[in-house]
Amino acid sequence: MAVAATLLVAWALAVGIPPVMAADTSEMRTTVWLLRHAEAGEGSDPSLSGAGRVRAGAWHRELGAPALRRVYATDTRRSRETAAAIAADAGAEVELYDPAEPGALIRLVVERNEPAVVVAHSNTLNPLAEALGAGPDLEEIGHDEHGRVYRVDLPSPACGRRCPKGG
């Protein structure tokens, strides 16, 4: 069910429809979005392509201001450019993380417990999403697939012990 909802959000973002999320104040949560960098050109460290800039701009409108506090990216041009587009106008700075040390990023995201976006790669997105609770057995990401977006709701610090298990 969670994977189906995640794929629905990914589709809505890809076609430019803002996802509608019902607010439930009985379960206070912090949202973390995980996605693969937008489309890039060719080469060893390419910039975003025209299509990638369009996608990153759409993500900015959907995931950015006003609630976003943190944006994490790897130190590749395509990841930094995707993250910078999302962070624009949200008052969030892009923070670099080492994809070879996923545990450090997971600990940081959970510890800070702030609305965030994590920009990852095709081979790192699913393990990060699973570690944060997006569910087991996530579908493999194709080399040319750039629209996958996962939403993970972490328990908010204000939630305390009143929140249901898992949130």
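Residues numbered from 1 in each chain as written. Predicted model: local features only at pLDDT ≥ 70, side-chain atom pairs only at ≥ 80, totals over all residues. Heavy atoms only, no water.

On to the nonpolar core. With 20 residues, the main nonpolar core has Val 32, Leu 34, Val 109, Val 118, Leu 128 and Leu 132 as its most contacted residues. Listing elements by their share of this core, those giving two or more residues are β1 (29-36), α4 (102-112), β4 (116-120), α5 (125-131) and β5 (149-155). Excluding residues that lie within four positions of it along the chain, Val 109 makes contacts with Val 32, Tyr 72, Val 118, Leu 132 and Leu 154. Counting 18 residues, the second-largest nonpolar core is a separate cluster that includes Trp 33, Leu 48, Ile 86 and Val 117. (Core = buried A, V, L, I, M, F, W, Y, C linked by side-chain atoms within 4.5 Å. Buried < 20%, exposed > 50% of the residue type's maximum accessible area, 1.4 Å probe, protein only. Helix = DSSP H or I, 4+ residues; strand = E, 2+ residues; numbered from the N terminus. Contact = heavy atoms within 4.5 Å.)

Once that is clear, we can look at the packing of helix α2 (residues 50-63) against helix α3 (residues 77-87). Where α2 meets α3, the axes come as close as 7 Å, and the angle between the chain directions of the two elements is 35°. The two elements α2 and α3 meet at a crossing, and its hand is right-handed. When α2 is examined against α3, the residues Ala 56, Gly 57, Trp 59 and His 60 are found in contact with a partner set consisting of Thr 82, Ala 85 and Ile 86. Looking at side-chain class alone, the contact of α2 with α3 contains four nonpolar, three polar and no charged residues. (Axes fitted to C-alpha atoms, helices over the stretch in contact; angles between N-to-C directions. Left-handed = near helix turned anticlockwise from the far one by under 90°. Nonpolar A, V, L, I, M, F, W, Y, C, P; charged D, E, K, R; others polar.)

Right, let's get into the sheet that holds strand β2 (residues 70-73). As summarised here, the arrangement of the five strands in space is β3-β2-β4-β1-β5, forming an open sheet in which the pairing is mixed. Bordering the open sheet on either side are β3 (94-96) and β5, each of which pairs with just one other strand. Ignoring which end each strand starts from, the neighbouring axes of this sheet average 25° apart. Sheet topology places β1 next to β4; five bridges connect them, and they run parallel. In the strand pairing of β4, Leu 35 is matched with Val 119. Lying on the sheet, α2 is in contact with β1, β4 and β5; it crosses β1 at an angle near 175°. (Pairing = 2+ DSSP bridges.)

Those residues of α4 that fall on the buried side of the exposure criterion are Leu 105, Ile 106 and Val 109. Looking straight down α4, one finds its buried side chains confined to an arc of 100°; they lie on one side. For α4, exposure combined with an orientation more than 90 degrees from the buried face picks out Arg 107 and Glu 111. For α4, the secondary structure elements touched by its buried residues are β1, β2, β4, α5 and β5. (Arc of directions from axis to C-beta.)

This next bit is on the pattern of salt bridges. Tallying each qualifying case throughout the model produces eight salt bridges. A salt bridge links Arg 148 to Glu 145; the shortest N-O distance between them is 2.8 Å. We classify Arg 148 as buried; its relative accessible area is 3%. Take Glu 145: its relative accessible area is 27%, and that puts it in the partly exposed class. Residues Asp 153 and Arg 151 are paired through a salt bridge, measuring 3.1 Å at the closest nitrogen-oxygen approach. Through salt bridges with shared partners, a single ionic network connects Arg 70, Glu 95, Arg 112 and Glu 114. (Salt bridge = Lys/Arg side-chain N within 4 Å of Asp/Glu carboxyl O.)

With respect to the secondary-structure elements, Ala 134 resides in the loop between α5 and β5. With 16 residues separating them in the primary sequence, Ala 134 and Tyr 150 have C-alpha atoms 7.0 Å apart.

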